[in-house]
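Structure assessment
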Amino acid sequence: MNEFLFCTNHTFFARQAVPLHDFPVFRSLLLREVPNHEVAAFFAVPEQDEFFLYAALLNPEKHGLDVCSTKVGKSYPALTPELPALSWFERELFEQYRIEPIGHPRLKPLRFQSALNGTDNQRPEAGAAQYFTMQGTSVHEVAVGPVHAGVIELGHFRFQCMGEDVYSLEIELGYQHRGIEKMLEHGPDKKSAFLAETAAGDSSIAASLCYHRILEAAQDIRIPARAQALRQAALELERIANHIGDSGALSGDVAFLPTASYCGRIRGDFLNITAELSGNRFGRNYIATGGVRYDVSDDTAGKLLAKVNAGEKELMNALDLMFDEPSVLDRFENTGTVSEETARQIGMTGMAARASGLKRDLRISLGSPEFPEHLRQCASGRTGDVLARAAIRRDELEDSLAIVKKILSALPEGKCSENHADSVVLPADSMIFSLEEAWRGMLVHAAVTDSNGKFLRYKIIDPSFHNWGGLEMALRDQQISDFPICNKSFNLSYCGHDL
Amino acid sequence: MFKILRARLFQGYRTGKFPYAKPNLPAHFHGYPILDAAKLTQETIENCPVDAIKLSGGSATLDLGRCIFCGKCAEHSDAVLFTNEYRMGTMSRDGLIVNGIPSKADSAKAEGIRRLCGRSLKIRQVSAGGCAACELDFNVLHTLAWDMGRFGIQAVASPRHADALLVTGPVTKNMLTALKKTYDAMPKPCFVIVSGACAISGGLYRDQAETMNGVESVLPVDCYVPGCPPHPAVLLDALLRFIGSQAVAPKE
Ligand code: SF4
Ligand code: SF4
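This part is about the overall build of chain B. For chain B, the count of helices and strands is 8 helices and 10 strands. For a compact globule of 252 residues, the expected C-alpha radius of gyration is about 18 Å, and chain B comes in at 19 Å, within 12% of that figure. Overall, chain B is about 65 × 40 × 35 Å in size when its C-alpha atoms are taken along their principal axes. Counting all 252 residues of chain B, 59% fall into the buried class. Residue pairs in contact within chain B that sit at least 24 positions apart in sequence constitute 77% of those at least 6 positions apart. About 10500 Å² of surface is accessible on chain B, with carbon and sulfur atoms providing 54% of the total. In chain B, 28 side chains carry a positive charge and 22 a negative one; their mean positions are 11 Å apart.

Here it is as structure tokens:
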């Protein structure tokens, strides 16, 4: 038997084809591979009283994924002590199916939800968890949230402090939990695309790409070049708008207001460009099975290109101001550092991982980009601090702007959508992984179908799921007053995590 | 210092003309729909992802409180036509039910609110689930492109300083307590504004085990802003009409 099944992105394969190992073999494979490979997914599919555990690891050499599986009962020996990157995954198994990873060092709820298989409807009270505490006369504990001071999502933060210094930060989420995975079971139906799309509103394009590529794979649809280009443009515009917003927010948090206010406005201009393409500032419902919903005329494409050019000039002017300001750089530098080693161990992804020096970008590792010349091989000598996470946004903005400009100035001819059947029949008893490099990092949608070709399980893994632990690590030995800029420098999604 | 001033000159004055002129809405914007019951088919009704369209006894309704403005119903039939009318916010739940007649901006409660708050409104925003796009497009009203502060509307950090609670999201079970506590902490009388299909009716997450069916199932609501998410112009227009501001009559 092979150790792994190799599969490419967006390709269905039979569940049977995935090697099924005894747990000790499965364990030793993961112990060998996880330290050097990104974990794309680690999740359970129930079968009677047992559970299949699937692990999917990125294989950047072959531009795909390696998948293997095992079967466990109500418990198994935890992998987290050796492989911290699996910590949140194992907590999720415990919460979703009450499978206990015995020996997990911090086994506590992730989203405070009822079990997915409905055998246990005991919903834990939101936020009520065992927190790590420190003892000592000058130790104090700071609790923040779920409702925060600003207009922002919900989460609970626990700091253990001595004076101003933070020794540990623990993050408990789940307040946004809507039960999206549960609602997607038995799909696809008329609601599925919208549920997948709204897992995290600021990553709608990436998420709907993941979803629709699954339906396209089922029907063997080839996307017209024009649609492909427009999709890529929309994805990069999403990245651009978010990176601009975060750059401005970082500037605002260290009280450097010019860049904060310019970026706030410029972000809106880029959202409006997405709206010109799609009718919605977040690109809702723009991606359709087979392509994109609306075509653009040459005239509109020209106008949008002019807007991108103008926006770029204003943006670079605003960013130059910030990066030339010693008082800003002083606050950013050596603040909230996550070392490359830590980032690797806890399995960070995307922009934040790249800022710590890891070369992790699906646009490169899955070999998908149409425009490789515009993606610089990032991440050599990145310092992993707030400054690195601010600087990498600037680099990525330049890359993405170049891609969008190139697309808008030379859109391939042809139609913007391929015809497809209205109701889709998925291959039965199969599995598919659909990944995109969303602006925060690796976004994974994994679908498992039942014998009728319906979703038996639809697993969404937002990049934030990998990176919240990074924020916890970034706060170690920092001043508590630096929390806002550390938080902004990651700007993770609460709802994408909570689902 | 000089660099900052130079940049200031370069960036220029960029606050939009709205609400003194019509907002710039994108070409494919979905605003207030017009509904033609005679052309409505069962298929269109059934295809709506949130079951917003109803047909009974020859008269049809479309509930803007549920609609996520996906445009599906208008795509394959001409029973529904989305106009670019952005003045969709209302002061009553019934006002969100479209029955064919084009909309008329609603100013029902404005007088009472003006007596209580003058023409200013301090808002405490609470996300109660949802996908975060609704709060992002409320946040955007603070940027200089919209500059909501010039109308006396401002988000505040403490519920104790707030006149109104602006809730987004369907109200997840996990947020029930925190939302109620926030409301309880506000000095009364106070108002509740709900923004987005989720907050009005549960939206996409309606009738699920993990969520409530919108804010109304928990708190009394005074102002409803439809959308998924509502465009900033839709939201700002609703807020301005809610406080009875003079600024809401753009020249045609
Ligand atoms: S636009 Fe609204 S009413 Fe029409 S199908 Fe979509 S959700 Fe339903
Ligand atoms: S109404 Fe739509 S945009 Fe607003 S939170 Fe709900 S899903 Fe997101």
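Now that the structure has been shown, we can carry on.
Another point: the sheet that holds strand β17 (residues 478–479) of chain A. Paired through backbone hydrogen bonds, the strands of a sheet run either parallel or antiparallel to each other. All names here are of chain A. Ordered in space as β9-β10-β11-β17, the 4 strands form an open sheet in which the pairing is antiparallel. Two strands in the sheet have a free side with no partner beyond their single neighbour: β9 (139–144) and β17. Examined bridge by bridge, strand β10 (residues 156–162) and strand β11 (residues 165–172) share 7 bridges and lie antiparallel to one another. Bridge assignment links Gln-160 to a residue of β11, and that residue is Ser-168.

Next up on the list: the side chain of Asp-246 of chain A. Position of Asp-246 of chain A among the secondary structure elements: in helix α6 (residues 225–253). Setting aside residues up to four positions removed in sequence, Asp-246 of chain A forms contacts with Arg-393, Trp-439, Lys-488 and Asn-491 of chain A.

Okay, the interface of chain A and chain B next. A common way to express how large an interface is: the accessible area buried when the components associate. Counting residues at the interface gives 61 residues for chain A, matched by 62 residues for chain B. In total, about 4800 Å² of surface goes out of reach between chain A and chain B, with carbon and sulfur atoms giving 57% of it. Per-residue buried area on chain A facing chain B is highest for Val-151, Lys-190 and Arg-265 of chain A; these three make up 15% of the total on that side. At the boundary of chain A with chain B, the tally comes to 6 salt bridges. For Lys-3 of chain B, the salt bridge identified is with Asp-324 of chain A, shortest N-O distance 2.3 Å. Where chain A packs against chain B, one counts 28 residue pairs in polar contact (both at pLDDT 80 or more). When contributions to the side of chain A that touches chain B are tallied by element, the ones reaching two or more residues are α3 (180–184), α4 (192–197), α7 (257–278) and α8 (298–323) of chain A. Per-element accounting of the side of chain A that touches chain B gives the leading share, 12 residues, to α7 of chain A.

Glancing now at the pairing of strand β2 (residues 53–56) of chain B. Residues and elements named next belong to chain B. Across 4 bridges, β2 lies against strand β3 (residues 59–63) in antiparallel orientation. The residue of β3 that forms the bridge with Lys-54 is Thr-61. Hairpin connection of β2 to β3: 2 residues between the antiparallel strands, including Gly-57 at a positive phi of 55°.

This brings us to the pairing of strand β15 (residues 442–449) of chain A. Residue and element names in this part refer to chain A. For β15, the buried fraction is high: 8 of the 8 residues fall into the buried class. Burial along β15 is two-sided: the face carrying Met-442, Val-444, Ala-446 and Val-448 and the face carrying Leu-443, His-445, Ala-447 and Thr-449 are both buried. Bridge analysis of strand β14 (residues 430–437) against β15 gives 7 bridges, and the strand direction is antiparallel. Of the residues in β15, the one forming a bridge with Met-431 is Val-448. Where β15 meets strand β16 (residues 455–461), 6 bridges bridge the pair, whose relative direction is antiparallel. Bridging across to β16, Val-444 finds its partner in Ile-461. Between β15 and β16, which pair antiparallel in sequence order, lie 5 residues; one of them, Gly-453, sits at a positive phi of approximately 75°.

Now for the domain arrangement of chain A. According to the domain assignment, chain A consists of domain 1 (5–102) and domain 2 (225–337 + 385–414). Computed over C-alpha atoms only, the centres of domain 1 of chain A and domain 2 of chain A are separated by 36 Å.

Quick look at the sheet that holds β2 of chain B now. Here we have 3 strands laid out as an open sheet, ordered β2-β3-β5 (chain B), and antiparallel in their pairing. If you trace the sheet from one side to the other, it starts and ends with β2 and β5 (97–98) of chain B, each paired once.

Criteria and cut-off values
Residues numbered from 1 in each chain as written. Chains lettered and ligands numbered in written order. Predicted model: local features only at pLDDT ≥ 70, side-chain atom pairs only at ≥ 80, totals over all residues. Heavy atoms only, no water. Helix = DSSP H or I, 4+ residues; strand = E, 2+ residues; numbered from the N terminus. Rg over C-alpha atoms; globule rule 2.2 N^0.38 Å. Buried < 20%, exposed > 50% of the residue type's maximum accessible area, 1.4 Å probe, protein only. Contact = heavy atoms within 4.5 Å. Areas by Shrake-Rupley, 256 points an atom, 1.4 Å probe, with all protein chains shown as cover. Lys, Arg positive; Asp, Glu negative; His and termini not counted. Charge placed at Lys NZ, Arg CZ, Asp CG, Glu CD. Pairing = 2+ DSSP bridges. Buried area = accessible area lost by both parts, 1.4 Å probe. Salt bridge = Lys/Arg side-chain N within 4 Å of Asp/Glu carboxyl O. Polar contact = N/O pair within 3.5 Å; in protein donor to acceptor, adjacent residues only side chain to side chain. Domains from an automatic or database assignment.

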